[in-house]
Amino acid sequence: MYLPKEDLRDTAQVCLNGHLVSPASTKNPIYNKRYCEQCSASTVTSCQNCAALVKGPYPAIDGKEPDGTETIPGFYFGASVSRRTGTVNHMRGPSTTVTKYKDVPSYEVFEDYQRPNFCGECGQPYPWTTASVEAAQELVAEDENLSEVDKASLDKDLPALVSDTPQTPAATERVRKVLEKAGNATADGLRVCIKSQYFGNKAS
Ligand SMILES: [Zn+2]
Ligand SMILES: [Zn+2]
């Protein structure tokens, strides 16, 4: 991915269950909704803990536009020192003025979006992150094929699946092994709840 010097991402509108409702809620507000059309949950544009805005996807770059000018000093070709005052006089060719350009973002076309799991300002999980772990833990608690030891192990490992830490691949592997003993409904349900790259599915 190519990253411009300024962060061109706009504020996303996401529902409490994590559906991306509007990728650029201020720059292109026509898709904003009070409720999610997929699940009817309320939508938010900021962290409910610290009010920092939720970052949307990276916009595509639509071209360049002039952004002021820059003066480039001429070639340096020597210096003379005044015998009388000792002042150094640098000798340069004529300077040139060039136009600077900046990227023009298109807020209709976006790069792939992986919705954030945690707030980048306060580090708290977003509501959809907490909801997906809780839903997964509920599924596990109700599975009759799993022993109490298996359930406790899943309970402990599931939160690691929504974060991307060095422990995540090992936790995912343990979850996978325990899930082989679980009912199909639990395993399938868990894949829906936990959107993890290690689980073979991406956030949508
Ligand atoms: Zn939704
Ligand atoms: Zn926050």
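This is a predicted model, so every value here is computed, not measured.

Caption draft 1: Representation of the pairing of strand E5 (residues 76–81) within the structure. With respect to burial, E5 is a largely exposed element, only zero of its six residues being buried. Note that E5 and strand E6 (residues 88–92) share five bridges and pair antiparallel. Among the inter-strand pairings, Ser80 is bridged to a residue of E6, identified as Asn89. Taking the residues between adjacent antiparallel strands as the criterion, E5 and E6 are bridged by six residues, where Gly86 takes a positive phi near 80°.

Caption draft 2: The packing of helix H1 (residues 127–142) against helix H2 (residues 148–161), seen in detail. Orientation of H1 relative to H2, taken along the N-to-C sense of each, is 170°, at an axis distance of 10 Å. Of the possible angle classes, the one that applies to H1 and H2 is roughly antiparallel. Between H1, through Val133, Ala136, Gln137, Val140 and Ala141, and H2, the contact on the second element is made entirely by Lys151, Leu154, Asp155, Leu158 and Pro159. Of the residues assigned to the contact of H1 with H2, the class counts are seven nonpolar, one polar and two charged.

Calculation notes
Residues numbered from 1 in each chain as written. Chains lettered and ligands numbered in written order. Predicted model: local features only at pLDDT ≥ 70, side-chain atom pairs only at ≥ 80, totals over all residues. Buried ≥ 20, exposed ≤ 12 C-beta atoms within 10 Å, placed from the backbone. Helix = DSSP H or I, 4+ residues; strand = E, 2+ residues; numbered from the N terminus. Pairing = 2+ DSSP bridges. Axes fitted to C-alpha atoms, helices over the stretch in contact; angles between N-to-C directions. Parallel < 35°, antiparallel > 145°, perpendicular 65-115°, else oblique. Contact = placed C-beta atoms within 7 Å. Nonpolar A, V, L, I, M, F, W, Y, C, P; charged D, E, K, R; others polar.

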